[in-house]
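Here is what each chain is made of, one letter per residue.
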Amino acid sequence: MKRLWTLFPLLLANGAFAACEFDVEVGDSLQFSVSEIEVEASCESVTINLKHTGQLPAAAMGHNWVLTTDADFQDVATAGMGVGLEGNYVPSGDDRVIAATKIIGGGESTSISFPTGDLDAAGSYTFFCSFPGHWSIMKGSFRIV
Ligand code: ZN
């Protein structure tokens, strides 16, 4: 019995999905390790740690993590394609981009933190990789809960 009780807090901690910081992995395929991210409304900011566990360089299989509203997602992704790798395939100075990391290749990592103050709990947001050809598949939902 004693053992069960000592395990209990650990189970609770591991079972709590919503948090303020998220580890997201990508590899040499068009897939994020998570398909949805739920941020607790009490978080003042959210941090995304993006890690590329693959082998391919950024020019061939680069990935980033970009956040927009659902409504802006396709337009921003399309605009990003014309920017090029130097600009991380994200239109610069675009108000529709809520957050965006740089493009990384195999073995690289990057992080971004941004305030949640402008995000709406009733809103629905899309995170995606803006690398050309990736965004229609590499995407997920992001919500404040
Ligand atoms: Zn990608």
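Structural notes, computed from the coordinates. Numbers given for residues are sequential positions, taken from 1 along each chain in its written order. Selection of residues for local features in this predicted model requires a pLDDT of at least 70, selection of side-chain atom pairs for listing and counting requires 80 or more, and totals for whole chains, interfaces and linings are taken over all residues. Side-chain metrics rest on all non-hydrogen atoms present in the structure, leaving aside hydrogens and water.

Re the sheet that holds strand β8 (residues 139–144)
Working step 1: The five strands are arranged β2-β8-β7-β4-β5 in an open sheet whose pairing can be described as mixed. Of all strands in the sheet, those with a lone pairing partner are β2 (36–39) and β5 (99–100), marking the two edges. DSSP bridges decide pairing: two strands pair if at least two such bridges lie between them. Helix and strand assignments follow DSSP, with helices taken as H or I runs no shorter than four residues and strands as E runs no shorter than two, numbered in order from the N terminus.

Side note on the nonpolar core
Working step 1: One finds Phe32, Ile37, Ile48, Trp65, Phe114 and Phe142 to be the most contacted residues of the largest nonpolar core, which totals 27 residues.
Working step 2: Taken together, the elements giving at least two residues each to this core come down to β1 (21–26), β2, β3 (45–52), β6 (109–115), β7 (125–128) and β8.
Working step 3: Excluding anything up to four places from it in sequence, Phe32 contacts Val24, Glu25, Val26, Leu50, Asn64, Trp65, Phe127, Phe128, Cys129, Met138 and Lys139.
Working step 4: Phe73, Val76, Val90 and Phe128 belong to the second-largest nonpolar core, a separate cluster that totals eight residues. To form a nonpolar core, buried Ala, Val, Leu, Ile, Met, Phe, Trp, Tyr and Cys residues must be joined to one another through side-chain atoms within 4.5 Å. Partly exposed describes any residue whose relative accessible area lies between the buried limit of under 20% and the exposed limit of over 50%, with all areas from a 1.4 Å probe on protein chains only and scaled to the type maximum. Contacts are residue-level and defined by heavy atoms, with any inter-residue pair within 4.5 Å sufficient.

A word on the pairing of β8
Working step 1: Side chains Gly140, Phe142 and Ile144 of β8 all project onto a buried face; the interleaved residues Lys139, Ser141 and Arg143 project onto a face where none is buried.
Working step 2: In this structure, β2 lies alongside β8, joined through four bridges in parallel fashion. Of the residues in β8, the one forming a bridge with Glu38 is Arg143.
Working step 3: Relative to β8, β7 runs antiparallel, the two being bridged by four bridges. Across the sheet, residue Tyr125 finds its bridge partner in β8, namely Phe142.

Digging into the pattern of salt bridges
Working step 1: We count a salt bridge whenever a side-chain nitrogen from Lys or Arg sits within 4 Å of a carboxyl oxygen from Asp or Glu. For the coordinates displayed, the defined rule picks out three salt bridges.
Working step 2: Put simply, Arg143 and Glu36 hold a salt bridge, and the shortest N to O gap is 3.7 Å. A residue pair is termed long-range when its members are at least 10 positions apart, and Arg143 in strand β8 and Glu36 in strand β2 qualify at 107 residues.
Working step 3: A relative accessible area of 35% places Glu36 in the partly exposed class.
Working step 4: The salt bridge partner of Asp94 is Arg96, with a shortest N-O separation of 2.8 Å.
Working step 5: By sharing partners, the salt bridges in this structure join Glu36, Glu38 and Arg143 into a single network.

Concerning the coordination of the zinc ion
Working step 1: Because water is not among the atoms used, a metal site may look incomplete, as its donors are only the N, O and S atoms within 2.8 Å, or 3.2 Å for Na, K and Ca. Protein coordination of the zinc ion is provided by His63 (ND1), Cys129 (SG) and His134 (ND1), with donor distances spanning 2.0 to 2.2 Å.
Working step 2: If you list the donors of the zinc ion from N- to C-terminus, the spacing comes out as H-x65-C-x4-H. Here Cys129 lies in the loop between β7 and β8 and His63 lies in the loop between α2 (58–61) and β4 (66–69), a separation of 66 residues in the sequence. Take His63 and Cys129: they sit in the same class, and that class is buried.

Some points on the packing of aromatic side chains
Working step 1: Pairs were defined over the aromatic rings of Phe, Tyr and Trp, the Trp ring being its six-membered one, requiring ring centres within 6.5 Å. Orientation was assigned from the angle between planes: stacked under 30 degrees, edge-to-face over 60, tilted for the rest. In total, this model carries nine aromatic pairs according to the counting rule given.
Working step 2: Residues Trp65 and Phe142 carry aromatic rings whose centres are separated by 6.0 Å and whose planes lie at 65 degrees to one another, so their mutual orientation is edge-to-face. Of this pair, Trp65 sits in the loop between α2 and β4 while Phe142 sits in strand β8, and the two are 77 residues apart along the sequence.
Working step 3: What makes Trp65 buried here is its relative accessible area of 0%.

Describing the sheet that holds β1
Working step 1: Overall, mixed pairing links the three strands, which are arranged β1-β3-β6 in an open sheet. Single-partner strands in this sheet number two, and they are β1 and β6. Within this sheet the neighbouring strands show an average axis-to-axis angle of 20 degrees, counted without direction.
Working step 2: Note: β1 against β3, six bridges, orientation parallel. Pairing of Phe22 across the sheet is with Ile48, part of β3. Axes, fitted as lines to C-alpha atoms, cover a helix only where it is in contact. Angles between the N-to-C directions of the axes lie from 0 to 180 degrees.

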